[in-house]
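Letter by letter, the chains look like this.
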Amino acid sequence: MGNGLACLPKKDLRGGIGSRSRRGSNSRSQRKTAASEDELLHHQALAMAIHQHQLSRRFDGSMSRRIGSTSSRRRDLPDSVTNGKLPPAFLENLETRKIILVHGEGFGAWCWYKTMSLLEESGLLPVALDLTGSGIDQTDINSTTSLEDYARPLITCLQSLPDDEKVILVGHSCGGAIVSYALESYPRKVSKAVYVCATMVLNGQKPFDVFSEELASADLFLQESQFLVYGNGRDKPPTSIMFDKQQIRALYFNQSPPKDVALATVSMRPIPLAPIMEKLSLTTENYGTVRRYFIQTLDDHILSLDVQERLVRENPPHGMYKIKGSDHCPFFSKPQTLNKILIEIVQIPLENALNDPS
């Protein structure tokens, strides 16, 4: 298996035979090192995915209920909070400490490894899930034919929660549509929802509609895209999308560290097409009762700032944040900033009426 690390630039060869021999040996050594790094990154991704898959099953513990009120204003917070960590007093007063991280299209639970570590250091309880056919989930992606199929791991987790327990949902990119689907299905299980440069669509919209300005209309995309995969045969409708590594780097990772880009390029899987082409049904009685927050990424090449601004304007959240210098994947490019924003959102107090559909 190869990636960009294995394609090292060739240098001009100068000098005698001995020089060429040494450089040939160095070149072989470099290729070996690159291959080893590639294999190591792949193993790291799988290990992280397995770890997150195990964590996702831990829903039987009881959570501390909110017993007091905290201020959401950054200037009133102690230094430990503004630095991205919560002191014990804040932890005791939180309504929920459990955060479910929902990855975007093509990703898996592995992509949250930095965010998981930072949130755990803050005393919170993050859980990252593999959606159907993603990460280490072995479901055939060609059989994922609806949002319901794709979101099943998240819905199963919410169903398993105790009656008096709530969680915070964080969705990235197309994972935002999965979060919205979950809010409509189980609003009483969710304290807050955070959309990280995500598809925060309106009722009756498709997740793909968010990208249509960047990629073309859905009909045109289905007719002309060279990235479509026909998993059930060319005589059947396309089943998924798979960008090549050059496209992935340009669209998703224009500000991310090279090691994280390498990890992603050996770990990303095809994007199931049916879920992002399905219209969401969202109601004020369910979806509308949960507080939503949107995090904008200002150097995003796949979801432009104009599109993100339109999402916020058309479907106003309760709060909005901006991350300067972040590409479409702030969990790689700006993990500390993303963590501080999540910490701030976690400790914003809630009015009980917002989560009470009655």
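My aim in this report is to walk through the structure given alongside it, one point at a time. Keep in mind the model is a prediction, meaning the values are calculated, not measured.

### Quick notes on the nonpolar core
Of all hydrophobic cores here, the largest spans 87 residues; its most connected members are Tyr252 and Phe253. Of all the elements, helix H5 (residues 147-159) adds the most residues to this core, at seven residues. Beyond its immediate sequence surroundings of up to four residues, Tyr252 is in contact with Glu105, Phe107, Phe243, Ile271, Ile302, Asp327, His328 and Cys329.

### Quick look at the sheet that holds strand E5 (residues 228-229)
Here three strands make up an open sheet; going across it, the order is E5-E6-E7 and the pairing antiparallel. Of all the strands in the sheet, just E5 and strand E7 (271-272) have a single pairing partner and so form its edges.

### Describing the environment of Ile343
Examined against the element boundaries, Ile343 turns out to sit in helix H14 (residues 335-346). Residues Ile343 and Leu124, spaced 219 residues apart in sequence, show a C-alpha to C-alpha distance of 9.0 Å.

### A few points about helix H9 (residues 245-252)
When we look at burial in H9, the residues that qualify are Ile248, Leu251 and Tyr252. Within H9, the buried residues cover an arc of 80° as seen down the axis, which keeps them to one side. Next to the buried residues of H9 lie helix H10 (258-265) and E7. Where H9 begins, the capping side chain belongs to Asp244, and its oxygen is found 3.2 Å from the backbone nitrogen of Gln246.

### Examining the packing of aromatic side chains
Scanning the entire structure with this criterion turns up ten aromatic pairs. Geometrically, the ring pair formed by Phe107 and Phe331 is edge-to-face, given 5.9 Å between the ring centres and 80° between the ring planes. On the criterion of sequence distance, the pair formed by Phe107 in the loop between strand E1 (98-102) and helix H4 (113-121) and Phe331 in helix H13 (residues 330-333) is long-range, its members being 224 residues apart. A residue is classified by how much of its surface remains accessible, and Phe331, at 0% relative accessible area, is buried. Between Arg234 and the ring centre of Tyr230, over which it is positioned, the NZ or CZ distance is 4.0 Å.

### Quick notes on the pairing of strand E3 (residues 167-172)
Counting buried positions along E3 yields six of six residues, so the element is predominantly enclosed. Burial along E3 is two-sided: the face carrying Val167, Leu169 and Gly171 and the face carrying Ile168, Val170 and His172 are both buried. By the bridge criterion, four bridges tie E1 to E3 in an arrangement that is parallel. Bridge pairing links Val102 to Gly171 in E3. Direction of pairing for E3 relative to strand E4 (residues 190-196): parallel, over a ladder of six bridges. Across the sheet, His172 pairs through a bridge with Val196, a residue of E4. Of the crossover connections in this fold, the one passing from E3 over helix H6 (residues 175-185) to the parallel E4 is right-handed.

### Examining the environment of Leu183
Tracing the sequence through the fold places Leu183 in helix H6. By relative accessible area, which is 0% here, Leu183 ends up buried. In this structure the C-alpha to C-alpha distance between Leu183 and Val290, which are 107 residues apart in sequence, comes to 7.2 Å. Contacts of Leu183, omitting those with residues within four sequence positions, involve Leu169, Val190, Ala193, Tyr195, Asn286, Tyr287, Val290 and Arg292.

### Some remarks on the sheet that holds E4
Strand order across the open sheet formed by six strands is E2-E1-E3-E4-E8-E9, with parallel pairing between neighbours. Among the strands making up the open sheet, the edge pair consists of strand E2 (125-129) and strand E9 (319-323). Strand-to-strand twist in this sheet, taken as the mean axis angle between neighbours without regard to direction, amounts to 20°. Taken strand by strand, H14 contacts E1, E3, E4, strand E8 (291-297) and E9, and its axis lies near 165° from that of E9.

Calculation criteria
Residues numbered from 1 in each chain as written. Predicted model: local features only at pLDDT ≥ 70, side-chain atom pairs only at ≥ 80, totals over all residues. Heavy atoms only, no water. Core = buried A, V, L, I, M, F, W, Y, C linked by side-chain atoms within 4.5 Å. Buried < 20%, exposed > 50% of the residue type's maximum accessible area, 1.4 Å probe, protein only. Helix = DSSP H or I, 4+ residues; strand = E, 2+ residues; numbered from the N terminus. Contact = heavy atoms within 4.5 Å. Pairing = 2+ DSSP bridges. Arc of directions from axis to C-beta. Polar contact = N/O pair within 3.5 Å; in protein donor to acceptor, adjacent residues only side chain to side chain. Phe/Tyr/Trp six-rings, centres within 6.5 Å; stacked < 30°, edge-to-face > 60°. Lys NZ or Arg CZ within 6 Å of the ring centre and 35° of its normal. Right-handed = clockwise from strand over helix to strand, strands pointing away. Axes fitted to C-alpha atoms, helices over the stretch in contact; angles between N-to-C directions.

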